[in-house]
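Spelled out, the chains give:
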Amino acid sequence: MNAINAPSGLRKIIHVDMDAFYASVEQRDDPTLRGRPVVVAWRGPRSVVCAASYEARVFGVRSAMPALRAERLCPGAVFVAPDFARYRAVSQQVRAIFARYTDRVEPLSLDEAYLDVSAPRNAFPSATAMATDIRAAIRAETALTASAGVACNKFLAKIASDWRKPDGLFVIQPAAVEGFLAPLPVARLPGVGTVMEQKLARLGVRRVADLRALGAQRLVQQFGRWGLRLHELALGIDDSPVRRERPSLQISAEDTFTQDLRLDQLDAPIAQLAAKVWTAYVREQDRIARTVVLKLKTAEFRTLTRSHTDALPPQSEAALVRTALQLRARVEPPASTRYRLVGVGLSGFVDADTAQPDLFATKTLETHAAG
């Protein structure tokens with residue numbers, strides 16, 4: 001464990017991240033896989049990597065890359081088909097451990113979560129001691145390792161959890177935040193992807209210290225409200241709370257085809273995916289989606305999206321299918337283009353009490369009809 005020493009302060013947040021989770025579960029359950037480069041993915045030209053063990057990562061294998069590329073990078077890799085039911089069961093074990101320490105847990109995925117331990121259920125001398133205890137409990141009860149970061153907010157805790165991976169613990173104390181952040185590349189800040197990194201580089205900004213020196217006013221001039229957010233992150237400011245239930249930002253379903261399809265062959269897959277999305281949507285409580293999204297990925301891995309927001313949200317499965325097909329009609333690349341993946345989603349969620357009352361009433365009727 002490493003820590004940057006300073007007085008304690010404000011909130012106490014722990015970010016726990018399981019180490020190479022899917023691959024580690026496979027290695028735990030099959031001793032012959034231990035110490036070997038394991039890639040969790042279906043074999044075949046259409047597959048992508050779900051997870052890679054640390055032994056495979058040495059070769060450059062990463063999640064979300066095409067499985068064929070992973071195989072080229074690491075010819076000796078052992079490919080294991082994913083078993084999400086098993087991973088969910090282990091994730092529930094881990095979340096049960098979190099619940100012993102605090103009821104303020106925000107899961108991000110099956111393998112990571114934020115914990116607000118400002119007012120813990122048990123008496124611990126510090127958040128660091130609690131993070132140590134949590135990691136020990138995970139190891140004892142699941143035979144898996146987890147890394148943890150401790151800080152005064154979510155943004156910093158997430159950076160810290162990655163600092164000593166795998167099986168590590170890192171603490172960023174409040175008084176040392178600015179000094180810790182200053183030398184980091186701006187790409188370490190949430191929301192700074194490749195495009196934003198290039199835009200900042202054109203302004204002479206490559207590290208957090210450069211971003212801080214640019215100042216809030218210049219950043220707002222360049223990027224609007226996002227510029228102010230960048231300035232706050234450069235100073236280590238993040239007031240976002242740990243939310244026990246994360247509201248849906250999007251409900252979606254997608255399918256990767258065994259053979260690439262033409263645009264005019266996508267109607268049936270789009271209708272099937274829209275039906276799946278509608279089934280999930282009617283389970284939403286008191287929230288209404290206003291935007292329909294269509295996602296297409298070409299055989300060359302180029303991603304296309306089309307979306308439509310209407311004053312009247314989709315009122316039925318049939319309406320969702322109809323809108324998704326209309327979005328398909330808005331795609332106009334060359335006729336020779338083939339598609340390997342299609343997805344349908346609903347986004348733009350608003351609370352029902354802020355929407356028109358008649359819209360919520362309609363959605364409630366649809367929910368009962370579907371039940």
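Procedures and definitions
Residues numbered from 1 in each chain as written. Predicted model: local features only at pLDDT ≥ 70, side-chain atom pairs only at ≥ 80, totals over all residues. Heavy atoms only, no water. Helix = DSSP H or I, 4+ residues; strand = E, 2+ residues; numbered from the N terminus. Contact = heavy atoms within 4.5 Å. Areas by Shrake-Rupley, 256 points an atom, 1.4 Å probe, with all protein chains shown as cover. Patch = residues over 30% accessible without salt bridge, like charges linked within 9 Å, V, L, I, M, F, W, Y side chains within 5 Å. Salt bridge = Lys/Arg side-chain N within 4 Å of Asp/Glu carboxyl O. Buried < 20%, exposed > 50% of the residue type's maximum accessible area, 1.4 Å probe, protein only. Pairing = 2+ DSSP bridges. Axes fitted to C-alpha atoms, helices over the stretch in contact; angles between N-to-C directions. Arc of directions from axis to C-beta. 1 Å grid on protein atoms, 1.4 Å probe; cavity = no way out; pocket = protein on both sides within 12 Å on 5 of 7 lines; lining within 4 Å. Points joined across faces, edges and corners; volume = space filled by probe spheres on them. Left-handed = near helix turned anticlockwise from the far one by under 90°. Nonpolar A, V, L, I, M, F, W, Y, C, P; charged D, E, K, R; others polar. Expected span 1.5 Å × (residues − 1). pLDDT = per-residue confidence, 0-100. Polar contact = N/O pair within 3.5 Å; in protein donor to acceptor, adjacent residues only side chain to side chain.

Okay, the overall build of the protein chain next. Helix and strand content of the protein chain: 14 helices and 13 strands. Here the analysis covers contacts within the protein chain between residues at least 6 apart in sequence; of these, 65% occur between residues at least 24 apart. Summed over all atoms, the accessible surface of the protein chain reaches about 18700 Å², with 51% contributed by carbon and sulfur.

With that out of the way, let us pick up a nonpolar patch on the surface. Together, Val58, Phe59 and Leu73 line one region of the surface with nonpolar side chains, adding up to about 290 Å² of accessible area. Among the secondary structure elements, valine 58 is positioned in the loop between helix H2 (54-57) and helix H3 (67-73). Classification of valine 58 as exposed rests on a relative accessible area of 69%.

Here the focus is the environment of leucine 10. As for its position among the elements, leucine 10 is in the loop between strand E1 (2-4) and strand E2 (13-18). Counting along the chain gives 143 residues from leucine 10 to asparagine 153, while the straight-line C-alpha distance between them is 8.8 Å.

Another point: the sheet that holds strand E3 (residues 38-40). Read from one edge of the open sheet, three strands run E4-E3-E5, paired in mixed fashion. Single-partner strands in this sheet number two, and they are strand E4 (51-52) and strand E5 (78-80). Set on the sheet, helix H1 (residues 21-29) makes contact with E3, E4 and E5; between it and E3 the angle comes to about 120°.

Turn by turn, an α-helix covers 3.6 residues, leaving residues three or four places apart pointing in a common direction. Regarding helix H11 (residues 225-234), the residues found buried are Gly227, Leu230, His231, Leu233 and Ala234. Burial along H11 is one-sided: seen end-on, the buried residues are contained in an arc of 165°. On the buried face of H11, the contacting elements are helix H6 (154-161), helix H7 (177-181), helix H8 (194-202), helix H9 (208-214) and helix H10 (216-223). Positive backbone phi, approximately 80°, marks glycine 236, located one or two places after H11.

To continue, consider the side chain of arginine 328. With respect to the helices and strands, arginine 328 occurs in helix H13 (residues 317-329). In this structure, arginine 328 is in contact with Leu263, Asp264, Leu266, Asp267, Ile270 and Leu294, ignoring residues within four places of it in sequence.

Here the focus is the environment of methionine 65. In this structure, methionine 65 sits in the loop between H2 and H3. On the basis of relative accessible area, methionine 65 is assigned to the buried category, the value being 8%. For methionine 65, the residues in contact, after removing those within four places along its chain, are Val48, Val49, Gly60, Ala70 and Leu73.

The next point concerns the pattern of salt bridges. In the structure shown here, the tally under the stated rule is 18 salt bridges. Note that arginine 244 is salt-bridged to aspartate 103, the shortest N-O span being 3.5 Å. Pair noted here: arginine 244 is in the loop between H11 and strand E10 (250-261) and aspartate 103 is in the loop between helix H4 (84-99) and strand E6 (105-109), with a separation of 141 residues, a long-range link. Between aspartate 116 and arginine 104 there is a salt bridge, with the nearest N and O atoms lying 3.5 Å from each other. Of this pair, aspartate 116 sits in strand E7 (residues 112-116) while arginine 104 sits in the loop between H4 and E6, placing them 12 residues apart in sequence.

This paragraph deals with empty space enclosed by the protein. In total, this model carries two cavities of 30 Å³ or more according to the counting rule given. Considering only enclosed or pocket space, the largest cavity measures out at about 60 Å³ in volume. Along its surface, the largest cavity is lined by Val16, Met18, Ser91, Val94, Arg95, Phe98, Pro107, Ser109, Leu110, Asp111, Glu112 and Ala113. Elements with a minimum of two residues in the lining of the largest cavity: E2, H4, E6 and E7. Of the residues forming the lining of the largest cavity, the biggest block, four residues, is contributed by H4.

Turning our attention to the packing of H10 against H11. In contact at an axis separation of 6 Å, H10 and H11 are set at 145° when each is read in the N-to-C sense. For H10 against H11, the interelement crossing comes out right-handed. Facing H10, whose interface residues are Ala216, Leu219, Val220 and Phe223, H11 presents Arg225, Trp226, Gly227, Leu228, Leu230 and His231. Counted by class, the contact of H10 with H11 contains seven nonpolar, two polar and one charged residues.

Turning to H13, a few remarks are in order. Helix length check: H13, at 13 residues, gives a terminal C-alpha distance of 19 Å against a target of 18 Å (1.5 Å per residue), a fit within 8%. The complete set of buried residues in H13 reads Ala319, Leu320, Val321, Thr323, Ala324, Leu327 and Arg328.

What follows is about the confidence of the model for the protein chain. Confidence in the prediction for the protein chain averages 86 pLDDT; 89% of positions are at 70 or higher. Predicted confidence for residues 1-9 stays below pLDDT 50, and this span has 23 contacts to residues more than four positions away or in other chains. Considering only residues more than four positions removed or in separate chains, one finds that residues 353-371, a stretch of pLDDT under 50, has 20 contacts.

Moving on, we come to the side chain of threonine 337. Tracing the backbone through its elements, the reader meets threonine 337 in the loop between H13 and strand E13 (339-351). Residue threonine 337 is classed as buried on the basis of its relative accessible area, which comes to 15%. Among the polar contacts made by the side chain of threonine 337, one reaches the main-chain carbonyl oxygen of proline 334 at a distance of 3.0 Å. Once residues lying within four places of it in the same chain are set aside, the contact partners of threonine 337 are Leu261, Arg262 and Thr298.

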